[in-house]
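# Working through the structure, step by step
So the chains spell out like this:
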Amino acid sequence: MDDVMAAPRAVTSAVLPILEAQHVTKRFAFGAETITALSDASLRIDKGEFICLIGPSGCGKSTLLRMVAGFESASEGSLLMWGKPVAAPGPDRGMVFQDYGLFPWLTVTQNVGFGPAARGRPKAEVAATARRFVDMVGLTRFADAYPHQLSGGMKQRVAIARVLANDAEVVLMDEPFGALDAFTRERLQEELLDIWAKAKLTVIFVTHAIEEAIILADRVVVMSPGPGRIVADERIDLARPRDPTSPEFNALRRHLSGLLGGHH
């Protein structure tokens, strides 16, 4: 975890942000009814930042993530990556889901190398890229295993490696550890921070868990339900690795819980 401790802090400045939401609103039509899932959301994310989105169900966290991924478009406002509109999905933004989304008929190495292979990269390059990221997520011994032979935590590591192998600059994670037991979840949080530091990634991570957000994030963005709005953007100035039993950690937990409680 030494790499995590040494990870450079993103600096907010006049430098172009990697991602920026400018007054983004998203509406969905349900028959004759229109539902506003996200309302007037503005958010700047600099390269290398680890951002957690927290809030109750129905607050627009996953909608915002899908818009950054390019799966949904804004009803109003604009969403930019490096100053250019996000118009469609792309390999520069990789999504990691709770259900892993692995191909069951492919080995770990083949799953990780799928993106570069699909883009027509040379076989030797695909093999080297897959090996690099399989090694990075600690699955070298399981390189030739199939998904059904892996634990939930291992499957999630394969999903992360597959995104990284696709040259993603931004990793989008929608409650990726939500289905895991507490021990596996804690271990994967540590491993994710290690990968984030080594690969110099930008991460947007959706979670319901306040403690998980404080453990992971540079900034915690708090959202309110119906219609979803950003109500707070809190910088977490605690050294990593973070101790959930410390007074500072628990003060932050109470503060964020209060922000959430005030918008139910």
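Attention in this report is confined to the structure presented alongside it. Here the structure is a predicted model, which means the values were calculated and not measured. (Residues numbered from 1 in each chain as written. Predicted model: local features only at pLDDT ≥ 70, side-chain atom pairs only at ≥ 80, totals over all residues. Heavy atoms only, no water.)

Before going further, it helps to spend a moment on the overall build of the chain. A tally of regular secondary structure across the chain gives 9 helices and 10 strands. Its C-alpha atoms give the chain a radius of gyration of 18 Å, near enough to 18 Å, the size a compact globule of 264 residues would have. Each principal axis of the C-alpha distribution contributes one length, and for the chain these read about 50 × 50 × 40 Å. The buried share of the chain, taken over its 264 residues, is 49%. (Helix = DSSP H or I, 4+ residues; strand = E, 2+ residues; numbered from the N terminus. Rg over C-alpha atoms; globule rule 2.2 N^0.38 Å. Buried < 20%, exposed > 50% of the residue type's maximum accessible area, 1.4 Å probe, protein only.)

On to the pattern of salt bridges, then. In the structure shown here, the tally under the stated rule is 16 salt bridges. With a closest N to O distance of 3.2 Å, Glu49 and Arg235 form a salt bridge. Note that Glu49 is positioned in the loop between strand S2 (33-45) and strand S3 (50-54) and Arg235 in strand S10 (residues 229-235), a separation of 186 residues in sequence. Since its relative accessible area comes to 0%, Glu49 is described here as buried. Judged by its relative accessible area of 32%, Arg235 falls in the partly exposed class. For Glu211, the salt bridge identified is with Arg253, shortest N-O distance 2.7 Å. Of this pair, Glu211 sits in helix H8 (residues 210-216) while Arg253 sits in helix H9 (residues 247-261); the two residues are 42 residues apart in sequence, bridging distant segments of the chain. According to the relative accessible area criterion, Arg253 is partly exposed, its value standing at 23%. (Salt bridge = Lys/Arg side-chain N within 4 Å of Asp/Glu carboxyl O.)

Reading across the sheet, the 6 strands line up as S6-S7-S8-S3-S9-S10 and stay open at both edges, with mixed pairing between neighbours. Of all strands in the sheet, those with a lone pairing partner are strand S6 (93-96) and S10, marking the two edges. With direction set aside, neighbouring strand axes in the sheet form an average angle of 20°. Sheet topology places S3 next to strand S9 (residues 219-224); 4 bridges connect them, and they run parallel. The residue bridging Ile51 from the neighbouring strand is Arg219, located in S9. Seen against the sheet, helix H2 (residues 61-69) touches S3, S6, strand S7 (170-174), strand S8 (202-207) and S9 and runs at an angle of roughly 150° to S7. (Pairing = 2+ DSSP bridges. Axes fitted to C-alpha atoms, helices over the stretch in contact; angles between N-to-C directions. Contact = heavy atoms within 4.5 Å.)

Another aspect to go through is the nonpolar core. Counting residues in each nonpolar core, the largest one holds 54 residues, and the members touching the most others are Phe50, Val112 and Phe205. The greatest single-element share of this core, amounting to 8 residues, is contributed by helix H6 (residues 152-165). If sequence neighbours within four positions are ignored, Val112 has contacts with Ala130, Phe133, Val134, Val158, Ala161, Arg162 and Ala165. Listed in part, the 26 residues of the second largest apolar core include Ala41, Met67, Ala69 and Met223. (Core = buried A, V, L, I, M, F, W, Y, C linked by side-chain atoms within 4.5 Å.)

It is worth spelling out the packing of aromatic side chains at this point. Scanning all chains against the criterion turns up 5 aromatic pairs. Geometrically, the ring pair formed by Phe103 and Phe114 is tilted, given 4.7 Å between the ring centres and 50° between the ring planes. Of the two residues, Phe103 sits in the loop between S6 and helix H3 (108-112) while Phe114 sits in helix H4 (residues 114-118), which places them 11 residues apart along the sequence. Taking relative accessible area as the criterion, Phe103 reaches 22% and is therefore assigned partly exposed. Through a chain of ring-to-ring contacts, the aromatic side chains of Phe50, Phe177, Trp196 and Phe205 assemble into a single cluster. Its end group placed over the ring of Phe28, Lys26 keeps NZ or CZ at 5.1 Å from the ring centre. Directly above the ring of Phe103 sits Arg162, whose terminal nitrogen or CZ lies 5.6 Å from the centroid. (Phe/Tyr/Trp six-rings, centres within 6.5 Å; stacked < 30°, edge-to-face > 60°. Lys NZ or Arg CZ within 6 Å of the ring centre and 35° of its normal.)

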